[in-house]
Amino acid sequence: MSPYDPSAFPPFAVTVDLVVLTVKRDALCALAVRRGEPPFQGRWALPGGFVRADEDLAAAAARELAEETGLLALDPTGPGPVDGGAHLEQLATYGDPRRDPRMRVVSVAHLVLAPDLPAPRAGGDAHSARWAPVDSLLGKGGFGREEEQPAPLAFDHDRILSDGVERARSKIEYSSLATAFCPPEFTVGELRRVYEAVWGVALDPRNFHRKVTGTPGFLVPTGGTTTRQGGRPAQLFRAGGATLLNPPMLRPEV
């Protein structure tokens with residue numbers, strides 16, 4: 001048997017890409033970075049990078065998340081977010097041989113959900129970074145300055161972003177994951193606006209309040225109130241221990 005010769009095989013790499021979603025000004029937004037280096041120099045892309053030889057995929061995703069946003073990743077099996085943390089889970093694997101012109105690159109995408117996040121900072125090969133509504137990033141609205149023409153995201157990131165958004169939209173139907181977009185204590189109205197932003201639909205406030213407060217283990221009253229929404233004091237809640245909702249919160253048909 002001939003000895004193993006690594007040079008006999010074409011170069012191959014593994015990357016992690018991050019679909020980082022948050023709700024800003026009642027709109028579902030994703031983190032986008034403008035690439036500072038080839039390939040696709042100057043194009044917007046999802047944050048991410050190459051997996052190092054000494055790290056596993058979860059560690060690479062957590063490292064990229066910290067470098068791009070300053071956030072620490074939470075255990076995806078945990079009950080919900082805490083200050084400064086974000087929900088992170090593996091999304092899907094993308095391996096089209098032509099997805100990266102440099103070499104054969106397989107990307108393991110991860111979905112990140114977090115409350116309203118501060119302005120992002122660019123890192124690695126990113127020239128700049130910003131939050132943008134997912135519809136604009138996917139070509140369903142303007143993005144960038146008026147003189148800029150919307151262009152597809154670099155690589156296959158349009159597909160990855162679309163998959164991440166659909167994962168978030170479907171998961172908040174049957175899980176308590178919507179609370180990952182909220183601060184540790186939140187009102188039912190703030191939670192409703194998360195559902196409206198993620199699903200892109202308006203919900204009846206009374207029906208929504210009845211459903212979420214009547215679902216066992218979904219919300220736990222903190223005993224406090226807030227007037228940050230204006231008007232009368234609103235009751236504050238935190239995420240309960242339930243990870244699956246029964247009955248689920250089904251998306252309205254549009």
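Higher on the page you've got the structure.
**Student:** What exactly am I supposed to notice about the overall build of the protein here?
**Tutor:** Within the protein, the regular secondary structure consists of five helices and 10 strands. Relative to its full complement of 254 residues, the protein shows a buried share of 46%. Sequence-distant contacts, at least 24 apart, represent 66% of the contacts inside the protein between residues at least 6 apart. Looking at the protein as shown, the accessible area adds up to about 13200 Å², and 53% of this sits on carbon and sulfur atoms.

**Student:** What should I look at first to understand helix α3 (residues 157-174) in this one?
**Tutor:** The α-helix winds at 3.6 residues per turn, so residues separated by three or four positions along the chain end up facing the same way. With 18 residues, α3 extends 26 Å between its outermost C-alpha atoms, agreeing within 8% with the 26 Å of an ideal straight helix rising 1.5 Å per residue. Turning to α3, its buried residues are His157, Ile160, Leu161, Gly164, Val165, Ala168, Lys171, Ile172 and Glu173.

**Student:** Just to check I follow, could you spell out the environment of Arg52 for this structure?
**Tutor:** On the secondary structure map, Arg52 appears in the loop between β4 (48-50) and α1 (57-69). For Arg52, a relative accessible area of 46% translates into the label partly exposed. Taking C-alpha positions, Arg52 is 9.6 Å from Ala13, a pair spaced 39 residues apart along the chain. Discounting chain neighbours no more than four positions away, the residues touching Arg52 are Arg63 and Glu67.

**Student:** Got a minute to help me understand the packing of α3 against helix α4 (residues 188-199) in this structure?
**Tutor:** Angle between the axes and distance between the axes: these two values describe a pair of packed helices. Running from amino to carboxyl end, α3 crosses α4 at an angle of 140°, the nearest separation of the two axes being 9 Å. In terms of axis orientation, α3 runs oblique to α4. At the point where α3 passes α4, the crossing takes the left-handed sense. Here α3 contributes Ala168, Arg169, Ile172 and Glu173 to the contact with α4, which in turn contributes Tyr195, Val198 and Trp199.

**Student:** It is not clear to me how unusual backbone geometry should be interpreted in this structure. Could you clarify?
**Tutor:** Glycine aside, residues mostly have negative phi angles, and peptide bonds mostly take the trans form. Following Pro38, the chain continues to Pro39 via a peptide bond in cis, the omega torsion being -5°. Among the secondary structure elements, Pro39 is positioned in the loop between β2 (27-35) and β3 (44-45). Its identity as a non-glycine residue notwithstanding, Arg25 has a phi of 50°, on the positive side. Tracing the backbone through its elements, the reader meets Arg25 in the loop between β1 (12-24) and β2. A residue is classified by how much of its surface remains accessible, and Arg25, at 76% relative accessible area, is exposed. Positive phi values are uncommon outside glycine, yet Phe155 reaches one of about 55°. Looking at where Phe155 falls in the secondary structure, it is placed in the loop between α2 (134-137) and α3. When its relative accessible area of 17% is taken as the criterion, Phe155 is described as buried.

**Student:** Looking at this structure, how should I read the pattern of salt bridges?
**Tutor:** Two side chains bearing opposite charge may form a pair once their charged atoms approach each other closely. In the structure shown here, the tally under the stated rule is 16 salt bridges. Across the pair Glu196 and Arg192 runs a salt bridge, and its minimum N-O distance is 3.5 Å. In this pair, Glu196 and Arg192 both sit in helix α4, four residues apart, roughly one turn of the helix. Each of the two residues, Glu196 as well as Arg192, counts as buried.

**Student:** Sorry, what's going on with the nonpolar core here?
**Tutor:** If you look at soluble globular proteins, the nonpolar side chains tend to sit buried side by side. Among the nonpolar cores identified, the biggest contains 44 residues, and Leu21, Leu161, Leu191 and Tyr195 are the most heavily contacted of them. Looking at this core, the elements with two or more residues in it are β1, β2, β6 (85-94), β7 (104-113), α2, α3, α4 and α5 (205-214). If one sorts the elements of this core by residue count, α4 sits on top with seven residues. Tyr195 has contacts with Ile172, Ser175, Ala178, Gly200, Leu203, Phe208, Phe218, Leu245 and Met249, leaving out every residue within four places of it along the chain.

Rules behind the numbers
- Residues numbered from 1 in each chain as written.
- Predicted model: local features only at pLDDT ≥ 70, side-chain atom pairs only at ≥ 80, totals over all residues.
- Heavy atoms only, no water.
- Helix = DSSP H or I, 4+ residues; strand = E, 2+ residues; numbered from the N terminus.
- Buried < 20%, exposed > 50% of the residue type's maximum accessible area, 1.4 Å probe, protein only.
- Contact = heavy atoms within 4.5 Å.
- Areas by Shrake-Rupley, 256 points an atom, 1.4 Å probe, with all protein chains shown as cover.
- Expected span 1.5 Å × (residues − 1).
- Axes fitted to C-alpha atoms, helices over the stretch in contact; angles between N-to-C directions.
- Parallel < 35°, antiparallel > 145°, perpendicular 65-115°, else oblique.
- Left-handed = near helix turned anticlockwise from the far one by under 90°.
- Salt bridge = Lys/Arg side-chain N within 4 Å of Asp/Glu carboxyl O.
- Core = buried A, V, L, I, M, F, W, Y, C linked by side-chain atoms within 4.5 Å.

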